[in-house]
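Descriptive analysis of the structure
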Amino acid sequence: MDNLSLPVAEAARGRIELKIPASAQWVRVARLTVAGVASRLHFGIGDVEDIKLAVAEAINNAILHAPVAPDGEAMVSIVIESDSDGLWIIVTDEGRVQGGLSVEDGAPDFDGELPEGGLGLLLIRSLMDEVSHESGSHADTVVKMFKRLPARAAHGA
Amino acid sequence: MDLRLRVGTQGEATVVEIGGEIDLHVAPRLRAELLRAGEGDSPRVVVDLSEVSFLDSTGIGVLVGALKRVREKGGALNFCGVQSRVRRVFEITGLMRALPIFESREAALTALWEEKADG
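These lines cover the structure that appears in this document, whether it is placed above or below. Since the structure is predicted, the reported quantities are computational estimates derived from the model, not experimental observations.

**Examining the overall build of chain B**
- Broken down by element type, chain B carries five helices and five strands.
- The order of helices and strands in chain B, counted from the N terminus, is β-β-α-β-α-β-α-α-β-α.
- Radius of gyration (C-alpha) of chain B: 13 Å, near the 14 Å computed for a compact globule of 119 residues.
- Judged by the C-alpha coordinates and their principal axes, chain B covers about 30 × 25 × 25 Å.
- By residue count, 46% of the 119 residues in chain B fall in the buried class.
- Considering only contacts in chain B between residues 6 or more positions apart, those separated by 24 or more positions represent 75%.

Laid out in C-alpha cells, this is it:
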C-alpha cells in the first residue's frame, strides 16, 4: 500500500487545479482526488478522511449556492497545493453565500431542536487546522483551508 | 451512486440498513427511502449505519429530518451501527448526545417500544 507514498521532499511540493460542474454527482470525484493527494503526502487515514469531508462540505456549499449561469453550467474550482508543512485546499465558486456557511464557532447547543442544515462550516473548522472564508455580494466565494502534516511525516519519513 | 439500501421488517419495526457514501448526490434518494420507511401511524424504525463509509452534512440533514418526521407522527426512530467515521461527524456536530443512538440493533429495536416519542 505504501509504495505510492513518495519521500516527503519529493512528494511535498505540488499544485493541482480541478474544475467540476456545480453538480452533486461530481463531488465524489473531487473527494477522491483530494484523498489521493493527501495519501501521497503521508497523512494518516483519519486525516485523509477529515480532509475528504471538509472538501466535500466546501464544494456542497458552492453547489448549493451557485447561481444559475445564464450561458451554461456553473463551475467549482478546487485548487490543491501541498508543501512540506501540509496541504492547502482552495474552493472557489461564483455564487453568493446565502447563509449556508453562517454557523457560529463551537459545537451547537440544540436545546431540543435538531439541526437539518447549516453544519458545513462547523465541520470544516473542526476538521481542518486553518480555515478562511471570503465572500462579497457579487464576488467569487472562496473557502481556503489547510491541514498540517503530522510532525514526524513532515520531518523525514 | 455508491449508496446501498436494504429495507426489511423485524416484528412490527422497519429496519433500514444503509451502506456506502451518504453525500449531496444520494441524499434525495435516501430521503425518499426513509420517508417510505416512516409511513403510517406511529412508525417504528431502526436505521442501521454499520456500513456507512462517508457521511456529510447533507446526509446528517436527511437522517435528522427522518427522525423529526417519525416523531411528529408519534413514532420512534433509533440509530445503531455508528462506526468511527460517522461517530466523528456526530461528535463534532453534537449529535452523539442529541440523537437516539444504540450500541446494537437489538438494543435499538427494543428501545423503540420503551421510548416515549417526545422528541
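**Concerning unusual backbone geometry**
- In this structure, H42 of chain A takes a positive phi of about 70 degrees despite not being glycine.
- For H42 of chain A, the position within the fold is in the loop between α2 (27-40) and α3 (45-65).

**Looking at the interface of chain B and chain A**
- At the interface, 20 residues of chain B touch 22 residues of chain A.
- Taken together, the elements giving at least two residues each to the side of chain B that touches chain A come down to α2 (57-72) and α3 (84-92) of chain B.
- Counting residues per element, the side of chain B that touches chain A draws most heavily on α2 of chain B, at eight residues.

**Observations concerning the environment of D41 of chain B**
Residue and element names in this part refer to chain B.
- If you trace the backbone, D41 turns up in the loop between α1 (27-37) and β3 (44-55).
- A count of 7 C-beta atoms within 10 Å places D41 in the exposed class.
- For D41 and V70, which are 29 residues apart along the polypeptide, the C-alpha to C-alpha distance reads 9.0 Å.
- Setting aside its immediate chain neighbours within four residues, D41 contacts K73 and G74.

**Some thoughts on α3 of chain B**
- Along α3 of chain B, the residues that are buried comprise V86, R88, V89 and F90 of chain B.
- Its buried side turned inward, α3 of chain B meets α4 (120-127) of chain A together with β3, α2 and α4 (95-98) of chain B.
- Just beyond α3 of chain B, the residue with positive phi is G94 of chain B, at close to 80 degrees.

**Considerations on the sheet that holds strand β3 (residues 86-93) of chain A**
Residues and elements named next belong to chain A.
- Taken in spatial order, the five strands of this open sheet run β1-β2-β3-β5-β4, and their pairing is antiparallel. This sheet does not close on itself; its edge strands, each paired only once, are β1 (14-21) and β4 (130-134). For this sheet the average axis-to-axis angle between neighbouring strands, irrespective of direction, equals 10 degrees.
- Pairing between β1 and strand β2 (residues 75-83): eight bridges, direction antiparallel. Note on β2: the bridge partner recorded for I20 is V76.
- Contacts from α3 reach β2, β3 and β5 (141-148) within the one sheet, and its direction differs from that of β3 by about 15 degrees.

What counts, and where the lines are drawn
Per chain, residues are indexed from 1 in the order of the written sequence. Think of it this way: whatever chain is written first is A, whatever ligand is written first is 1, and the rest follow in order. Where totals are concerned, whole chains, interfaces and linings use all residues; where local detail is concerned, this predicted model gives features only for residues with pLDDT of at least 70, and gives and counts side-chain atom pairs only at 80 or more. A helix here means a DSSP run of H or I that spans at least four residues, while a strand means a run of E at least two residues long, and both kinds are numbered starting from the N terminus. Throughout, radius of gyration means the C-alpha value; the globule benchmark is 2.2 Å times the number of residues raised to the power 0.38. Exposed residues have 12 or fewer other C-beta atoms within 10 Å of their own C-beta, buried residues have 20 or more, and partly exposed residues fall in between, where C-beta atoms are placed from the backbone. It is the C-beta atoms, placed from the backbone, that decide contacts: two residues are in contact if theirs lie within 7 Å. One requirement defines pairing of two strands: DSSP has to find at least two bridges between them. What counts as an axis is a line fitted to C-alpha atoms, over the stretch in contact for a helix, and the angles between N-to-C directions run from 0 to 180 degrees.

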